Amino acid sequence: QVRLVESGGDLVQPGGSLRLSCAVSGITFSLYTMSWYRQAPGKQRELVARAARIGRTTYPDSVKGRFTISRDNAENMVYLQMNSLEPEDTAVYYCNANNAQNDYWGQGTQVTVSS
């Protein structure tokens, strides 16, 4: 069974930090591009970070300089370090594993940024 399990979401004040984790099982992790997406109520799902198999990372302007994705291929883990959080970052954050044949999603973890 393929499983992607996110954790680390919480309520945090503006300016605070969180680290999200995604534990992956059931796939050859190193052969997949790993990404984090988020979706706020009433809004489209958006990519917030991507780590390709070769290690190149991609971020949209909205989070560049604040978020960092990393992956540990030996442990089948992917992380999203989020700093300088803003209320606009409030969303459910989803872990995604993708290659040419498959696309897998976790159930998401809630991040709420509020004072």
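Residues numbered from 1 in each chain as written. Predicted model: local features only at pLDDT ≥ 70, side-chain atom pairs only at ≥ 80, totals over all residues. Heavy atoms only, no water.

Enquirer: Lay out the environment of asparagine 73 with the relevant residues and their values.
Expert: By secondary structure assignment, the location of asparagine 73 is in the loop between β7 (67-72) and β8 (77-82). Residue class for asparagine 73 comes out partly exposed when judged on its relative accessible area of 34%. Linking asparagine 73 and valine 111, residues 38 residues apart in sequence, is a C-alpha distance of 25 Å. Sequence-distant contacts of asparagine 73, that is, excluding residues within four places in its chain, are made with Phe29 and Ser30. Within the structure, the side chain of asparagine 73 is placed 2.9 Å from the side chain of arginine 71, a separation counted as a polar contact. (Helix = DSSP H or I, 4+ residues; strand = E, 2+ residues; numbered from the N terminus. Buried < 20%, exposed > 50% of the residue type's maximum accessible area, 1.4 Å probe, protein only. Contact = heavy atoms within 4.5 Å. Polar contact = N/O pair within 3.5 Å; in protein donor to acceptor, adjacent residues only side chain to side chain.)

Enquirer: Go over the pairing of strand β11 (residues 109-113) with me, naming the residues and quoting the values.
Expert: The two faces of β11 differ: Thr109, Val111 and Val113 on one face are buried, but Gln110 and Thr112 on the other face are not. Pairing between strand β2 (residues 11-12) and β11: two bridges, direction parallel. Along β11, the bridge assignment pairs valine 12 with valine 113. (Pairing = 2+ DSSP bridges.)

Enquirer: An account of the side chain of asparagine 96 is requested, with residue identities and associated values reported.
Expert: Within the secondary structure layout, asparagine 96 lies in strand β9 (residues 91-98). By relative accessible area, asparagine 96 is classed as buried at 2%. Of note is the side chain of asparagine 96, whose polar atom sits 3.0 Å from the side chain of aspartate 103. At 3.0 Å, the side chain of asparagine 96 forms a polar contact with the backbone oxygen of tyrosine 104. Setting aside anything within four residues of it in sequence, one finds asparagine 96 in contact with Leu4, Thr33, Met34, Ser35, Tyr37, Asp103, Tyr104 and Trp105.

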